[in-house]
Amino acid sequence: MNVLVAGATGYLGRFLCAEYQRRGHHVTALVRDTARAGDLADLSIEAEATRPETLEGIMDGVDLIVSSLGITRQADGLGYREVDFQANLNLLREAEAAGVGRFAYVHVLNADAMTGVPLVDAKSAFVDALRASDMPATVIAPTGYFSDMGEILAMAQRGRVWLFGDGAQRLNPIHGADLAVAIADATDAGRGWADIGGPDVMTQGEIARAAFDALGTEPRITHLPDVLRRTALAVLPLLRRRASGPARLFLTALGMDMVAPRFGTRRLIDHFETLAAEAARQPKGLSS
């Protein structure tokens, strides 16, 4: 099977390329800069998904496209509507023209409960377009990535973790490699929708304590009134979009449970311990 991965140089995209290659598929990485791609896939194609003319003909012979394309890794002035919606829509239209067999898209869990968050709105708009298409589709809604939990460990390394409210909201983030396996399983099975989380359901407080455990230090956790989170959400739309967008998603998600069916074997505590060990090996004064 010929698989094209969009967003291939991102955190999840690299795991997707590796997983589909492991399953014996021919993988093409769609990238903005082939110099960054290296040996990421069997073939790398340079194109700008925001410019549909650069996509013409690149999907001929492709059986499956998997898109984890999003704005979080870009810094060129484009907005969520241009990337998370329109760029993916450009991919979809080219896939339709080329007769691609299936389009898989990485969404976000609980999107319906986060209406009004610009990033989520853009993703949801694309999902609506994808589901309206005649093309078979798989939508994957993960809880969040281990990489998203890095700020908790970073706070612990600075000596204190700050949480909003009582820290009782639950989540089960997933490692990118485990998520790639789940996505490949879903596309292989022809599933239409899959909510996916990691193996351990933890409260925000438990995640904070796991970070301190990984560092071998005494937990120091401060609980802030949740009204401060809600106030920040009210103020953020007044700031520049680039500064406020990721924060609005993060703060909104902090106010709810983000739990999906459990999948995978990689545990967050082990991830924290690996990161802590790597940090300990670095010369003082340097950071990753």
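Note: the structure precedes this text.
Residues numbered from 1 in each chain as written. Predicted model: local features only at pLDDT ≥ 70, side-chain atom pairs only at ≥ 80, totals over all residues. Heavy atoms only, no water.

Focus on the side chain of asparagine 172
Here is step 1 of the chain: The residue asparagine 172 is located in the loop between strand 8 (170-171) and helix 6 (176-189) in this model.
Here is step 2 of the chain: Taking relative accessible area as the criterion, asparagine 172 reaches 0% and is therefore assigned buried.
Here is step 3 of the chain: Polar contacts involving the side chain of asparagine 172 include one to the main-chain carbonyl oxygen of alanine 260, which spans 2.9 Å. (Helix = DSSP H or I, 4+ residues; strand = E, 2+ residues; numbered from the N terminus. Buried < 20%, exposed > 50% of the residue type's maximum accessible area, 1.4 Å probe, protein only. Polar contact = N/O pair within 3.5 Å; in protein donor to acceptor, adjacent residues only side chain to side chain.)

Section: the sheet that holds strand 5 (residues 102-106)
Here is step 1 of the chain: Reading across the sheet, the seven strands line up as 3-2-1-4-5-6-9 and stay open at both edges, with parallel pairing between neighbours. If you trace the sheet from one side to the other, it starts and ends with strand 3 (43-46) and strand 9 (193-196), each paired once. Between one strand axis and the next, the sheet turns through 20° on average, direction left out of account.
Here is step 2 of the chain: Examined bridge by bridge, strand 6 (residues 137-142) and strand 9 share four bridges and lie parallel to one another. Within strand 9, the residue paired with proline 142 across the bridge is isoleucine 196.
Here is step 3 of the chain: With respect to the sheet, helix 3 (residues 80-98) is in contact with strand 1 (2-6), strand 2 (26-31), strand 4 (64-67) and strand 5, its orientation differing from that of strand 5 by roughly 165°. (Pairing = 2+ DSSP bridges. Axes fitted to C-alpha atoms, helices over the stretch in contact; angles between N-to-C directions. Contact = heavy atoms within 4.5 Å.)

Structural notes on the packing of aromatic side chains
For any two aromatic rings, the description comes down to two numbers: the centre-to-centre distance and the angle of the planes.
Here is step 1 of the chain: Under the criterion given, the structure shown has four aromatic pairs.
Here is step 2 of the chain: Seen in terms of ring centroids, phenylalanine 103 and phenylalanine 126 are 5.7 Å apart; in terms of plane orientation they differ by 50°. Their pairing is tilted. Of the two residues, phenylalanine 103 sits in strand 5 while phenylalanine 126 sits in helix 4 (residues 118-132), which places them 23 residues apart along the sequence. As far as burial versus exposure is concerned, phenylalanine 103 and phenylalanine 126 are alike and both buried.
Here is step 3 of the chain: Summarising the aromatic geometry, the rings of tyrosine 105 and phenylalanine 126 are spaced 4.7 Å apart at their centres and angled 65° between planes, so their arrangement reads as edge-to-face. A residue pair is termed long-range when its members are at least 10 positions apart, and tyrosine 105 in strand 5 and phenylalanine 126 in helix 4 qualify at 21 residues.
Here is step 4 of the chain: Classification of tyrosine 105 by relative accessible area gives buried; the value is 0%.
Here is step 5 of the chain: The class of phenylalanine 126 is buried, set by a relative accessible area of 0%.
Here is step 6 of the chain: Taken together, the aromatic side chains of Tyr11, Phe15 and Tyr145 make up a single cluster linked through ring pairs.
Here is step 7 of the chain: Directly above the ring of phenylalanine 85 sits arginine 81, whose terminal nitrogen or CZ lies 4.1 Å from the centroid.
Here is step 8 of the chain: Of note, arginine 160 hangs over the ring of tryptophan 162, and the distance from its end group to the ring centre comes to 6.0 Å. (Phe/Tyr/Trp six-rings, centres within 6.5 Å; stacked < 30°, edge-to-face > 60°. Lys NZ or Arg CZ within 6 Å of the ring centre and 35° of its normal.)

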